[in-house]
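Observations on the model geometry
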Amino acid sequence: MQIYTFIILASFLLIGCASKGLDKTDGWSAQKLYEEARSELNVGNYETAVSVYQKLSSRFPFGKYAQQGSLDIAYAHWKNGDSGIALASLDRYNKLYPSQDGSDYALYLRGLINFNENQTLFSSITGEDMAERDAEAGRIAFASFKQLVKNFPDTPYREDAIKRMRFLRNVLAENEAHVARYYMRRKAYIASLNRSKVILSQYHGTPAIEEALALMVAIYEILGLQDLSNDSLRVLKLNYPQSPYLEYEYD
């Protein structure tokens, strides 16, 4: 009797172990896999969504569900904290489906990922050296949004992309101003001057222009280039007659 009991218990244990290894998605269609992944994505179960999207891709590598899943998984990776994998997924999508429906969203998502990649770029000033702060993610985001607006004028993401581009221009210009100020404090005048010139040439109309002109006035004077200093001062007075920089430095 004990032997029979042991055999029965062992059978239940084996069945239990086997059941743990079962995949409930076995035999699912591409549509069912996609709907399951999308459902997990919508409720914020990003890791689970990634797993189901991967199964969809491996079992059904072609068709509309595979194409849409290739975009969705990039978003899922990003929301799951894997920005690098998300960007790699977008690269894969662009290679598999060039110029297809969804290309506008792929560009928009690439912009969003890079827009949020370096939060310190958009935060208030901390104690770190601004010359060491990398604004590359912001530049990539701007380029992605710019390409989106240019290539897809009817995209539903256009308005949001334009708003983010405006914000990014101001932030990137301010970043250049911080770096210019950093070099100025360290008496690296040529480096500071070059950064100020970048602001004037690439970020016209941003608030950082005012400080860039003020820095140029001071730097040219320090370098003994009085004519250039006077020219910069004239432009500063013309465009910013109420500038605080005029009150104490350049009367």
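Above this text is the structure in question.
Model, not experiment: these values are computed from the prediction.

With that settled, consider the nonpolar core. With 40 residues, the main nonpolar core has L90, L109, I113 and F145 as its most contacted residues. Within the residue set of this core, elements represented by two or more residues are α4 (64–79), α5 (83–96), α6 (103–117), α8 (136–151), α9 (158–185), α11 (208–222) and α12 (226–239). If you tally residues by element for this core, the top one is α6, at 8 residues. When neighbours within four sequence positions are excluded, I113 is seen to be in contact with W78, S83, A86, L87 and L90. Ranked by size, the runner-up nonpolar core spans 14 residues in total, among them W28, Y34, V52 and A76.

A word on the packing of helix α3 (residues 46–59) against α4. Between α3 and α4, whose axes approach to 9 Å, the crossing angle comes to 155°. Taken together, α3 and α4 sit at an angle that is classed as roughly antiparallel. Crossing of α3 over α4 shows left-handed handedness. In this structure, α3 contributes Y46, V50, Y53, Q54 and L56 to the contact, and α4 contributes Y65, G69, D72, I73, A76, H77 and K79. When the residues that make up the contact of α3 with α4 are grouped by side-chain class, the tally is 7 nonpolar, 3 polar and 2 charged.

Taken together, the side chains of I190, I222, L223, L225 and L228 define a hydrophobic patch exposed on the protein surface, amounting to about 400 Å² of accessible area. Here L223 lies in the loop between α11 and α12.

A separate point is the environment of E210. Mapped onto the elements of the fold, E210 is located in helix α11. For the pair formed by E210 and N239, sequence separation is 29 residues and the distance between their alpha carbons is 8.3 Å. Within the structure, E210 has its side chain in polar contact with the side chain of S243 (distance 2.6 Å).

Conventions used here
Residues numbered from 1 in each chain as written. Predicted model: local features only at pLDDT ≥ 70, side-chain atom pairs only at ≥ 80, totals over all residues. Heavy atoms only, no water. Core = buried A, V, L, I, M, F, W, Y, C linked by side-chain atoms within 4.5 Å. Buried < 20%, exposed > 50% of the residue type's maximum accessible area, 1.4 Å probe, protein only. Helix = DSSP H or I, 4+ residues; strand = E, 2+ residues; numbered from the N terminus. Contact = heavy atoms within 4.5 Å. Axes fitted to C-alpha atoms, helices over the stretch in contact; angles between N-to-C directions. Parallel < 35°, antiparallel > 145°, perpendicular 65-115°, else oblique. Left-handed = near helix turned anticlockwise from the far one by under 90°. Nonpolar A, V, L, I, M, F, W, Y, C, P; charged D, E, K, R; others polar. Patch = residues over 30% accessible without salt bridge, like charges linked within 9 Å, V, L, I, M, F, W, Y side chains within 5 Å. Areas by Shrake-Rupley, 256 points an atom, 1.4 Å probe, with all protein chains shown as cover. Salt bridge = Lys/Arg side-chain N within 4 Å of Asp/Glu carboxyl O. Polar contact = N/O pair within 3.5 Å; in protein donor to acceptor, adjacent residues only side chain to side chain.

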